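# Notes for the structure review
Listed here are the chains, written in short residue letters.
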Amino acid sequence: MLVIGDKALDVAEASGGAFSSDITNLYDRWTELRAWAESGVEGPLRPLDPARLGPVSPRPRQSFCIGLNYRKHAEEAGWEVPDVPMVFTKFPSSIAGPGDIVELTGPTVDWEVELVVVIGRRAHRVPEEEAWSHVAGLTVGQDISDRTTQKRPRSAPQHSLGKSHPGYSPIGPVLVTPDELSNPDALDLGCAVNGEEMQNGNSSDMVFSVSQLIAYVSDMLPMLPGDVIFTGTPSGIGSTRQPPRFLRAGDEVTSWITGIGEMSQKFIDGPGIRM
């Protein structure tokens, strides 16, 4: 659906079936969709129901994550700022919607608010100055992390496994095209747990910008329409606090980015980690 103020326009209905109502199928035709949406389309506008919003890219073929991409976060974690992007993955099965309930997998589950980029056009060996032309839009993300799984074994941490439990990659509530933002490289972002602010930063503090990340990753492999990039988190995570603080059943994490919106996840007891 297209979000217009506090209303929603059904893309399939308004286009007479020319475009699918499934956003996953729209990314392969993103340029066509943009042209159609900007042509002054008309159709019935209905009240936007936030409860019906799902992940803005529910089935990405690839999901990239960038570690230590804010200097203050690297400092709080006790790591040096990397010379090249630290890239890992959150497996796509962990993608969730902006209001989904998440099952805790253990006693050391942490929060990490992130700006998430969705690719709208195949990107392979893209120069930095052309990177933004391959972006469909930006959204809010949470890189929820089970620190026990992530740091086991200590000699070779498994970031991807610790961050890919079901529901551990919520994104939403909407996808905002870069032209809708005054400066997509300088966005305020943060998160709160039960109303208490935990993170507050600005994406201009990234070690590697969105353009640099796309250029770097696409030089290694093709990035495909609908793929997502979790671009890193500012300081304020739970595991580096003194004492450490982790999520418990009943907690609610609200994440926000200025110009995009906010989303909230409630956490419940899960089955724990089975060895």
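Keep in mind the model is a prediction, meaning the values are calculated, not measured.

### So, the sheet that holds strand β14 (residues 196-202)
Across the sheet, which stays open at both edges, the five strands sit in the order β7-β17-β16-β13-β14 with mixed pairing between neighbours. Both outer strands of the open sheet, β7 (101-104) and β14, are each paired with one neighbouring strand and no more. Sheet twist, expressed as the mean angle between neighbouring strand axes with direction ignored, is 20°.

### Quick word on the nonpolar core
Among the nonpolar cores identified, the biggest contains 43 residues, and L115, L138, I214, M223, I229, L247 and I260 are the most heavily contacted of them. Every residue in contact with I214, bar those within four places of it in the chain, is listed here: I119, A131, V135, M223 and I229. Judged by nonpolar contacts, the second largest core, of 17 residues, contains W36, F88, I171 and V228.

### Things to note about the pattern of salt bridges
The tally for this structure, following the rule as stated, stands at twelve salt bridges. Ionic pairing is found between D28 and R61, a salt bridge with its closest N-O pair at 3.3 Å. Here D28 is found in the loop between α2 (23-26) and α3 (30-37), whereas its partner R61 is found in the loop between β3 (45-47) and β4 (63-67), with 33 residues between them in sequence. One salt-bridge network, held together by shared partners, links K90, D110, E112, D143, R147 and K163.

### A few points about the pairing of strand β10 (residues 135-142)
Here is the key point about a regular strand: its side chains alternate between the two faces of the sheet. The buried fraction of β10 is high, at eight of eight residues. Taken together, the seven bridges between strand β9 (residues 113-119) and β10 define a ladder with antiparallel strand orientation. For V116, the partnering residue across the bridge sits in β10 and is T139. In the sheet, β10 pairs with strand β12 (residues 169-176) via three bridges, with the strands oriented antiparallel. From the neighbouring strand, L138 faces β12, where its bridge partner is V176.

### Re unusual backbone geometry
Cis geometry marks the peptide bond from G172 to P173, where omega comes out at 0°. Among the secondary structure elements, P173 is positioned in strand β12. Cis geometry is found at the peptide bond from Q242 to P243, where omega equals -5°. One can find P243 in the loop between β15 (228-230) and β16 (252-257). Of note, the phi angle at R125 is positive, near 55°, even though the residue is not glycine. Assessed through its relative accessible area of 59%, R125 is described here as exposed.

### Some remarks on the pairing of strand β13 (residues 188-193)
Most of β13 is tucked away: five of the six residues are buried. Relative to β14, β13 is paired through six bridges, and the arrangement is antiparallel. Following the sheet pairing, A192 is matched in β14 by E197. Hairpin connection from β13 to β14: two residues lie between these consecutive antiparallel strands, with N194 at a positive phi of about 55°.

### Some words on the side chain of S164
Within the fold, S164 resides in the loop between α6 (159-162) and β12. Owing to a relative accessible area of 12%, S164 belongs among the buried residues under this scheme. In this structure, S164 is in contact with T89, K90, F91 and S94, ignoring residues within four places of it in sequence.

### A closer look at the sheet that holds β4
Judged by pairing direction, the sheet is mixed, and its seven strands sit side by side in the order β5-β4-β15-β9-β10-β12-β6 without closing on themselves. Two strands in the sheet have a free side with no partner beyond their single neighbour: β5 (86-89) and β6 (95-96).

### What to know about the state of the cysteines
Here, disulfide denotes a covalent bond that connects the sulfur atoms of two cysteines. Tallied over the full model, the rule gives zero disulfides. We note that C65 lacks a disulfide partner, and the nearest cysteine sulfur, in C191, lies 16 Å from it. On the basis of relative accessible area, C65 is assigned to the buried category, the value being 1%. Exposure remark for C191: the relative accessible area of 0% places this residue in the buried category.

### Some details on the environment of Y216
Within the secondary structure, Y216 sits in helix α7 (residues 210-220). Relative accessible area serves as the criterion here: at 27%, Y216 is assigned to the partly exposed category. Remark: the alpha-carbon pair of Y216 and H73, spanning 143 residues in sequence, is separated by 21 Å. Not counting residues within four places of it along the chain, the set of residues in contact with Y216 comprises V84, P85 and V87.

### Overview of the environment of T258
Following the sequence through the fold, T258 ends up in the loop between β16 and β17 (261-269). On the basis of relative accessibility, which here comes to 44%, the residue T258 falls in the partly exposed class. T258 has contacts with L181, L187 and D188, leaving out every residue within four places of it along the chain.

About the thresholds
- Residues numbered from 1 in each chain as written.
- Predicted model: local features only at pLDDT ≥ 70, side-chain atom pairs only at ≥ 80, totals over all residues.
- Heavy atoms only, no water.
- Pairing = 2+ DSSP bridges.
- Helix = DSSP H or I, 4+ residues; strand = E, 2+ residues; numbered from the N terminus.
- Axes fitted to C-alpha atoms, helices over the stretch in contact; angles between N-to-C directions.
- Core = buried A, V, L, I, M, F, W, Y, C linked by side-chain atoms within 4.5 Å.
- Buried < 20%, exposed > 50% of the residue type's maximum accessible area, 1.4 Å probe, protein only.
- Contact = heavy atoms within 4.5 Å.
- Salt bridge = Lys/Arg side-chain N within 4 Å of Asp/Glu carboxyl O.
- Disulfide = S-S within 2.5 Å.

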